Structure formats: C-alpha cells, structure tokens
Amino acid sequence: FFPSGSLGWNVSEEDFWNDEGMINSLKLRASYGIIGNDKIDAFRFITRLNGEATVDPGNATDVLTLVNGIAPGVSGNPDLKWEEQESINLGFDAKFFDNKLSFTGDVFRKTTRDLLFDPQASGTLNSVHSPSSFPLINAGTVRNEGFEFSLAYNGEINEDFQFNINYNVTVIDNEVVSVNGNIPPVGGEFGVGINQTGISRMVPGYALGHFYGYKTDGIHQTQADIDALNATATNNDNIYQADIAPGDLKFVDINEDGHIDENDRTVIGDPIAEVTMGLNIGFNYKNFDFTANAFASLGNDMVRDYERKDPTANIGSYVLDRYQGTGTSNFVPRVDGGTINTNLFSDYYVEDASFLRLQNVQLGYSISERKLVKTGLSKLRIYLSANNLFTITDYSGFDPSAGSNSPIGNGIDKGFYPVATSYLLGVNLKF
C-alpha cells in the first residue's frame with residue numbers, strides 16, 4: 001500500500017495579497033508519499049534449479065564420462081518483500097521583480113525501508129555465502145535529509161539582447177538508521193588477485209556504503225622504526241611481521257592494543273556527495289544564441305582501484321614521488337612486488353573525488369526568416385557544440401564521477417572508460 005498526497009497554497013491568489021510589491025507570487029506546498037520498489041530479478045524469493053552441475057556417474061569402465069546436469073542456483077529468501085521509500089517535502093515557490101527572478105526552496109527527508117540488496121554477508125540468514133549463491137535481502141533502513149534551492153533570473157538589456165541564469169544546489173546528509181539481522185551487510189571489492197571483499201559497509205550511524213579499512217600514518221623511513229614496532233607487538237597477528245621494509249606504509253593502531261590486525265580497520269571515506277550544484281547560463285543576441293551548463297559534486301570520496309600492483313605495469317605518474325630512501329617521501333610507498341602491506345585496503349587508496357565539470361557549451365546562429373522565403377525553409381540554424389569540455393578535480397583517476405549503481409560498493413574505481421570531450425557541428429532545418 002503506497003499512499004501519497006500533496007497540499008499547496010497560492011498565497012498570491014488571495015484577496016489580501018498586494019502584487020504591486022517586490023514579491024509577485026508566492027506558493028507554499030507540502031507533500032508526503034510512499035513509493036514501492038521491486039526492481040529486482042524475478043523469483044528471487046525462491047531457490048530455483050538454474051545452476052550447473054557435473055557429476056561422475058561412477059562407471060568404472062569409462063572414467064572419462066561425466067554427466068552434466070542442473071543444480072540449485074542463487075539462494076532464495078522467502079522473507080523478501082518490496083522496498084519502500086517514504087518522502088516528506090516542504091517547500092515554496094516565489095517570483096520577484098516583475099517575475100524576472102524565481103526562487104524555489106525545499107526541505108526534504110527520504111527514508112528507504114527494507115533496502116533491496118545483494119550482499120556478501122547475509123544479515124537475514126546470518127551466514128556468509130559463496131559468490132554464486134548470495135540471497136537477495138532487505139538490508140535495512142536508510143535516511144537522506146537535507147535541503148535544496150534553485151535561483152533563476154531572466155532579463156534583457158535591450159530588444160536585441162536577452163539572457164537567463166539558473167543556479168541550483170542540494171545539500172544532503174545520508175545515514176543508515178538500522179540494519180535487518182545481526183550481521184551488517186557489506187559489499188565492494190578491492191585489489192586484483194587478493195580479492196579483499198566487504199570494503200563498503202552498511203552500519204547504523206554511518207553513511208551507506210562507507211569505506212572501511214586501515215588508516216595510514218606516513219611511510220616507514222628506517223628499519224629501526226620497524227624493529228621498534230615488532231618489539232612491542234603483543235602477538236603473532238601483527239601484520240608488520242610480514243616482510244615489511246623501509247618505504248612501506250605505516251598503519252595506525254586504532255584500538256591501541258599494541259599490534260595491527262583486522263580490529264584496527266575504521267571508516268576511511270564516504271562515496272556520497274555532501275553537496276551537488278548546477279549552473280546554466282544562456283543569452284540571445286540578435287540571431288546568435290548561446291548556452292552553457294556546469295555541474296559540481298563536493299565531499300564524495302573514490303577508491304583508486306584501477307591500477308595493477310605489478311611494478312612493471314602502467315601506473316600513475318604520482319609514483320615518481322615514491323620513497324627512494326630516508327626522507328624522500330612520507331606518502332607514496334616504495335615500488336615492490338606487491339607485499340601484503342601495500343595491498344591492504346587503506347586510506348592510501350581513498351581520494352577526494354570532488355569535481356566541477358563543464359558539461360555542455362553551444363553557440364548557434366539562425367538565418368532570419370525573411371532571408372529564407374524563397375528557399376522553402378521556415379528555419380535554418382547552424383550550431384557548434386562541445387560536450388564535457390573540461391573537469392576540475394584533484395582525483396588522480398580518469399573520471400571522478402565513475403561508480404556503480406550498487407548501494408553498498410559504489411565509489412570504487414575499477415578502471416571505467418573516461419568521459420570523452422566531443423565536438424559537434426550541426427544544422428537545424430524546418431520545412
């Protein structure tokens with residue numbers, strides 16, 4: 001049952017309203033609704049015989065003969081149900097200065113209950129499954145709340161020159177409210193060959209899909225530093241005992257128990273942007289028209305996981321600043337064959353992926369209608385367009401907007417094809 005409703009009040013339509021003032025119109029509105037989501041594969045609530053199986057029939061005279069058959073496939077979850085998204089919104093629309101300036105503001109809260117998710121650890125069945133048989137689950141409840149507003153202005157300098165500007169911004173806070181089951185659902189995978197799974201988690205009180213790994217504290221500069229740490233280790237689980245050398249990453253002992261192990265992992269990043277913004281501008285001057293739009297995403301992190309750990313493979317130019325002796329670097333580790341220290345998922349691989357992108361710029365020219373009378377055309381416009389003209393970011397990968405659609409495991413850059421800059425010359429004809 002998914003009810004919804006909205007209520008609006010056009011204040012500027014009331015008798016007491018004076019439309020000769022600065023504010024030309026004002027509308028107050030509120031809405032509430034629940035939307036159901038069942039966008040999953042069919043029959044995920046049952047276990048079907050859609051897997052493959054190969055067995056030895058036990059025929060001693062023909063040991064090379066194998067029988068191919070079918071077997072249970074992906075595990076079903078009989079308790080599976082629809083995901084529900086409950087939205088509450090309060091807002092207003094206003095126009096000022098002879099309707100030239102428009103302002104829209106909204107405060108919202110969106111709560112997603114029974115989030116549909118393919119986990120690596122099942123909170124419903126309280127067990128870990130092989131990658132071929134993860135049961136789909138209703139993972140828990142997530143809340144997004146924040147505000148957004150847009151500002152638009154349409155004006156003209158004279159009858160030959162008109163312009164418009166539109167700016168919008170959304171500020172959002174994402175938090176997991178609760179998890180269904182005893183085991184927090186995890187997702188995401190890091191590394192090639194070592195398959196460190198579960199680097200993204202769904203834990204109450206934190207952002208959905210936050211990154212979970214080791215926090216670094218620079219680079220080991222000397223062997224004496226490493227010997228001192230090993231001397232204070234309380235047991236054999238200290239990862240510093242695994243072929244650590246000067247130039248390797250130094251990890252933080254989060255729980256201060258005297259050694260580094262899995263219990264020292266912590267939250268090291270968030271793939272969800274805190275602020276997104278858009279800007280659109282345009283103008284018309286006689287027969288010329290121009291439009292441009294830009295988009296910005298701020299506060300989101302990205303995992304750099306597109307590089308092989310092989311020292312002979314292609315890698316970013318940042319390795320030129322690697323450790324090459326005491327004091328040469330305290331951030332980029334030495335080049336090695338991929339020790340366990342270097343391969344462990346840590347904040348060394350997490351980068352700020354905030355960016356500003358100029359998405360489209362277009363300039364056009366229209367031939368006046370009076371010049372087209374004898375051609376049979378009512379419109380002829382020539383334009384030049386540029387898409388994805390440039391991106392400003394500190395992220396070292398190809399595309400700071402790369403990611404997946406998974407709610408837990410997004411923001412991991414596995415080497416997505418970069419967004420290309422393209423140019424287009426075109427003609428619009430109307431007969």
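Note that the structure is a prediction, hence the values are computed from the model and not measured.

1. Description of the pattern of salt bridges
- As enumerated under the stated definition, the model contains 14 salt bridges in all.
- We note a salt bridge from Arg-29 to Asp-106, for which the minimum N-O separation is 2.6 Å. Separated by 77 residues along the polypeptide, Arg-29 in strand S2 (residues 23–37) and Asp-106 in strand S6 (residues 101–113) bring together distant segments of the chain.
- Exposure remark for Asp-106: the relative accessible area of 11% places this residue in the buried category.
- We note a salt bridge from Lys-81 to Asp-114, for which the minimum N-O separation is 3.6 Å. In this pair, Lys-81 sits in the loop between strand S4 (67–71) and strand S5 (83–96) while Asp-114 sits in the loop between S6 and strand S7 (116–117), placing the two residues 33 residues apart along the sequence.
- Residue class for Asp-114 comes out buried when judged on its relative accessible area of 16%.

2. Quick notes on the sheet that holds strand S21 (residues 301–304)
- In spatial order, the strands read S22-S21-S25; together these three strands make up an open sheet with mixed pairing. If you trace the sheet from one side to the other, it starts and ends with strand S22 (350–352) and strand S25 (412–413), each paired once.
- Two elements, S21 and S25, share two bridges in a ladder whose sense is parallel. Opposite Arg-304, over in S25, you have Asp-413 as the bridge partner.

3. Let's talk about the packing of aromatic side chains
- Here the structure, examined in full by the defined rule, presents 16 aromatic pairs.
- Each ring, one from Phe-96 and one from Phe-97, has its centre 6.4 Å from the other, and the planes form 45°; the classification is tilted.
- Phe-97 sits in the partly exposed class, given a relative accessible area of 45%.
- The interplanar angle of 10° and the centroid separation of 5.5 Å between the aromatic rings of Phe-161 and Phe-283 together place this pair among those described as stacked.

4. So, the confidence of the model for the protein chain
- Summarising the model, the protein chain shows a mean pLDDT of 86, and 91% of its residues fall at 70 or more.
- Considering only residues more than four positions removed or in separate chains, one finds that residues 122–132, a stretch of pLDDT under 50, has 25 contacts.

5. Brief notes about the pairing of strand S23 (residues 355–366)
- Taken together, the 10 bridges between strand S20 (residues 288–298) and S23 define a ladder with antiparallel strand orientation. In the sheet register, Ala-294 faces S23, and the bridge partner there is Leu-358.
- Bridge analysis of S23 against strand S24 (residues 379–393) gives 11 bridges, and the strand direction is antiparallel. Note that in S24 the partner of Leu-358 across the bridge is Phe-390.

6. Description of the sheet that holds strand S19 (residues 275–285)
- Here 11 strands make up an open sheet; going across it, the order is S1-S2-S5-S6-S11-S12-S19-S20-S23-S24-S26 and the pairing antiparallel. The two strands at the open ends of the sheet, each matched to only one other strand, are strand S1 (4–10) and strand S26 (422–430). On average, adjacent strands in this sheet sit at an angle of 10° to one another, irrespective of strand direction.
- Pairing analysis gives nine bridges linking S24 to S26, with the strands arranged antiparallel. If you follow Arg-381 over to S26, its bridge partner there is Asn-428.

Rules behind the numbers
- Residues numbered from 1 in each chain as written.
- Predicted model: local features only at pLDDT ≥ 70, side-chain atom pairs only at ≥ 80, totals over all residues.
- Heavy atoms only, no water.
- Salt bridge = Lys/Arg side-chain N within 4 Å of Asp/Glu carboxyl O.
- Helix = DSSP H or I, 4+ residues; strand = E, 2+ residues; numbered from the N terminus.
- Buried < 20%, exposed > 50% of the residue type's maximum accessible area, 1.4 Å probe, protein only.
- Pairing = 2+ DSSP bridges.
- Phe/Tyr/Trp six-rings, centres within 6.5 Å; stacked < 30°, edge-to-face > 60°.
- pLDDT = per-residue confidence, 0-100.
- Contact = heavy atoms within 4.5 Å.
- Axes fitted to C-alpha atoms, helices over the stretch in contact; angles between N-to-C directions.

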